[in-house]
Amino acid sequence: MIIQTGMRTDIPAFYAEWFCNRLRAGSVCVRNPYHFQQVSRYRLSPEVVDLIGFCTKNPAPMLSHIDLLKPYGMYWFVTITPYGKEIEPGVPPKEQVLADFRRLSEMVGKDAVAWRYDPIFIHDMYTEEYHLRSFERMARQLKGYTHICVISFIDLYEKVKRNFPEARAVRREQRLRLGKRMIEIAGDCGMTVRPCGEGEELAAYGADCRGCMTQAVYEEALHMRLRMPKKQHARSECACFLSGDIGQYDTCGHLCRYCYANTSGERVRQNRLAHDPESPLLIGQLRPEDMIHDVEQKSWLDRQISLFDTIL
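What counts, and at which threshold
- In this convention, every chain numbers its residues from 1, walking through the sequence in written order.
- pLDDT decides what is reported in this predicted model: residues at 70 or higher carry local features, side-chain atom pairs at 80 or more are listed and counted, and totals for whole chains, interfaces and linings draw on all residues regardless.
- Derived side-chain values reflect all non-hydrogen atoms in the structure, with water molecules and hydrogen atoms excluded from consideration.
- The working definition used for a salt bridge is a side-chain nitrogen of Lys or Arg within 4 Å of a carboxyl oxygen of Asp or Glu.
- Between rings of Phe, Tyr and Trp, where Trp is taken as its six-membered ring, a pair exists when centres lie within 6.5 Å; planes separated by under 30 degrees are stacked, by over 60 edge-to-face, and by other angles tilted.
- For the purposes of this entry, the term helix denotes a DSSP run of H or I that reaches at least four residues, the term strand denotes a run of E that reaches at least two, and both are numbered from the N terminus.
- Only protein chains enter the area calculation, which uses a 1.4 Å probe; residues under 20% of their type maximum are buried, those over 50% are exposed, and those in between are partly exposed.
- Axes, fitted as lines to C-alpha atoms, cover a helix only where it is in contact. Angles between the N-to-C directions of the axes lie from 0 to 180 degrees.
- The labels follow the angle: roughly parallel below 35 degrees, roughly antiparallel above 145, roughly perpendicular from 65 to 115, and oblique for the rest.
- What makes a crossing left-handed is the near helix being turned counterclockwise from the far one by less than a right angle; a clockwise turn instead makes it right-handed.
- Contact between two residues is taken to exist if any of their heavy atoms lie within 4.5 Å; hydrogens are not considered.
- Any residue that is not Ala, Val, Leu, Ile, Met, Phe, Trp, Tyr, Cys, Pro, Asp, Glu, Lys or Arg is counted as polar, Gly included; the first ten are nonpolar and the last four charged.
- Pairing between strands requires that DSSP locate at least two bridges from one strand to the other.
- Here the nonpolar core consists of buried residues drawn from Ala, Val, Leu, Ile, Met, Phe, Trp, Tyr and Cys, with membership extended through side-chain atoms lying within 4.5 Å.

Colleague: Can you help me understand the pattern of salt bridges in this one?
Modeller: Side chains that differ in sign of charge can pair as their charged atoms come close. Applying the stated rule across the entire model yields 25 salt bridges. Through salt bridges with shared partners, a single network forms among Arg-31, Arg-287, Glu-289 and Asp-290.

Colleague: How do you make sense of the packing of aromatic side chains when you look at a structure like this?
Modeller: Here the distance between the centres and the angle between the planes together describe a pair of aromatic rings. Evaluated as defined, the whole model comprises 14 aromatic pairs. Ring geometry for Trp-115 versus Phe-135: centroids 4.9 Å apart, planes at 20°, classification stacked. Of this pair, Trp-115 sits in strand 6 (residues 113–120) while Phe-135 sits in helix 6 (residues 128–142); the two residues are 20 residues apart in sequence, bridging distant segments of the chain. In this pair, the class of Trp-115 matches that of Phe-135, namely buried.

Colleague: I keep staring at the packing of helix 6 against helix 8 (residues 172–188) and nothing clicks. Help me out?
Modeller: When two helices pack together, their arrangement is captured by the angle between the axes and the distance separating the axes. Taken N-terminus to C-terminus, the directions of helix 6 and helix 8 make an angle of 20°; their axes are 10 Å apart at the nearest point. Considered as vectors, helix 6 and helix 8 are oriented roughly parallel to each other. In this structure, helix 6 crosses over helix 8, and the sense of that crossing is right-handed. The segment helix 6 lies against helix 8, with Glu-128, His-131, Leu-132, Phe-135, Glu-136, Ala-139 and Arg-140 engaging Gln-174, Arg-177, Leu-178, Arg-181, Met-182, Ile-185, Ala-186 and Asp-188. Residues belonging to the contact of helix 6 with helix 8 are distributed by class as follows: 7 nonpolar, 2 polar and 6 charged.

Colleague: Please explain the packing of helix 5 (residues 94–108) against helix 6 as it appears in this structure.
Modeller: Where helix 5 contacts helix 6, the two axes come as close as 10 Å, and the packing angle between them is 30°. Relative to helix 6, helix 5 is oriented roughly parallel. Handedness of the helix 5/helix 6 crossing: right-handed. Here helix 5 contributes Glu-95, Leu-98, Phe-101 and Arg-102 to the contact with helix 6, which in turn contributes Arg-137, Met-138, Gln-141 and Leu-142. Of the residues assigned to the contact of helix 5 with helix 6, the class counts are 4 nonpolar, 1 polar and 3 charged.

Colleague: Looking at this structure, how should I read the pairing of strand 7 (residues 148–153)?
Modeller: Regular strands show a simple pattern: their side chains alternate between the two faces of the sheet. Most of strand 7 is tucked away, with 6 of its 6 residues classed as buried. Because side chains alternate across strand 7, one face comprises the buried residues Ile-148, Val-150 and Ser-152, and the other comprises Cys-149, Ile-151 and Phe-153, equally buried. Two strands pair when backbone bridges link them, and strand 6 and strand 7 are joined in this way by 4 bridges, in the parallel orientation. Residue pairing for strand 7: Arg-116 is matched across the bridge by Val-150.

Colleague: Just to check I follow, could you spell out the sheet that holds strand 11 (residues 291–294) for this structure?
Modeller: Each strand in a sheet pairs with another by means of backbone hydrogen bonds, the pair being arranged parallel or else antiparallel. Strand order in the open sheet made by the 3 strands is 2-3-11, with mixed pairing throughout. Only two strands of the sheet have a single partner each, and these edge strands are strand 2 (27–31) and strand 11. Adjacent strand axes in the sheet meet at a mean angle of 25°, parallel and antiparallel pairs treated alike.

Colleague: It is not clear to me how the nonpolar core should be interpreted in this structure. Could you clarify?
Modeller: Side chains that are nonpolar tend, in soluble globular proteins, to be buried together. Counting residues in hydrophobic clusters, the biggest one holds 91 residues, and the most contacted among them are Phe-19, Leu-69 and Trp-115. In terms of residue count, helix 8 provides more of this core than any other element does, 6 residues in total. Once residues within four sequence positions are removed from consideration, Phe-19 is found in contact with Thr-5, Ile-11, Ile-52, Phe-54, Met-62, Leu-69 and Ile-246.

Colleague: Can you help me understand the sheet that holds strand 6 in this one?
Modeller: On the basis of which strands lie adjacent, the open sheet formed by 7 strands has the order 8-7-6-5-4-1-10 and parallel pairing. Of all the strands in the sheet, just strand 8 (192–195) and strand 10 (244–245) have a single pairing partner and so form its edges. As paired elements, strand 1 (residues 2–4) and strand 10 share 2 bridges and run parallel to each other. In the sheet register, Ile-3 faces strand 10, and the bridge partner there is Gly-244.

See below:
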C-alpha cells in the first residue's frame, strides 16, 4: 500500500524527528479529522508499505535520514514558488530549497522527485510576467534533477477566502497563456508539466493531464508494477490516487496564506505545542476513550516479471 504524509501538513519540514521515531517503532496512529475519537493505526513496514509519499516545502530536515527510508519506495513532491514572506512566512529561502531539491534528487533519483509550482495566483506584484520569469529561473536550476513539474491555479476554498481575502481566481485566458508558456519552458528543461486538478484545458499545449499522483507515477518511482485497488479520488476533477494520510490539519508551520489545511495561525500554534516526538500521534496522546482501528494493509507490488524488468 501507499502511505501519504503531506496532504494535511508538512511532515518533513516540521515533524521529521517524530516520523523517524514512528518508522523505528513500526507503526503510526492518525485521528479521523471528522470523528476525533476514531483513530486508525498503520503498520510501517516494507512488508506492507510499498511507497511513502511526501509533499513538502522544505525537505532539508529529512535528508540526513534518507538511509532510514531506503527500505521503502519514495515519491517526493517539493513545492517551490516565487512568493515572498508576506505570502509564505515560514518557508525557507528559495535558493536553499532549490539546492536541497537537487541534493534530494541525487539521493533518491529523479524518477522519485517532482517539482510543484503551485498554487499560481495573480497579484499586483505577482503578475503573469513575474511568474514566467520566476518559473524559467527555477526550471533552469532544476534541469536534470526531475522530469516532472506540477502546476495548479489557486482554489478559493473557504479557509483560503478567510485567510487570504484579496485572492482572486485566475481567469481562463490567464491560465491558458501561463500554462502554454510554462509547458514550453519546462520542455526546454526536460520536464513534462502535469496540471493538478485543472481538467484537460492545457492538454492541447502538451501538458500531461492524467494526474500527478497516479499509479503510473508511483510505478515509475518504484520501477515496479503495482496491483492497486480502485482509485480513491480526492475530488471529481482530480485523477490522483490517495491512500492512508498520516498528517493532521492545522499543524503546518509554513502558515502560507493560500493554504487549505490551516484554519488559523493560532490553532496551528496550539497544536504544535501539543506535539510530542515520542507519541504515536502527530499531535497529542492516545486517550482511554479512543477507538483504535488497525487498518488492513497489504503490499500492492506485482512481483511477476514486468516491463520494468525487461527495461532494467
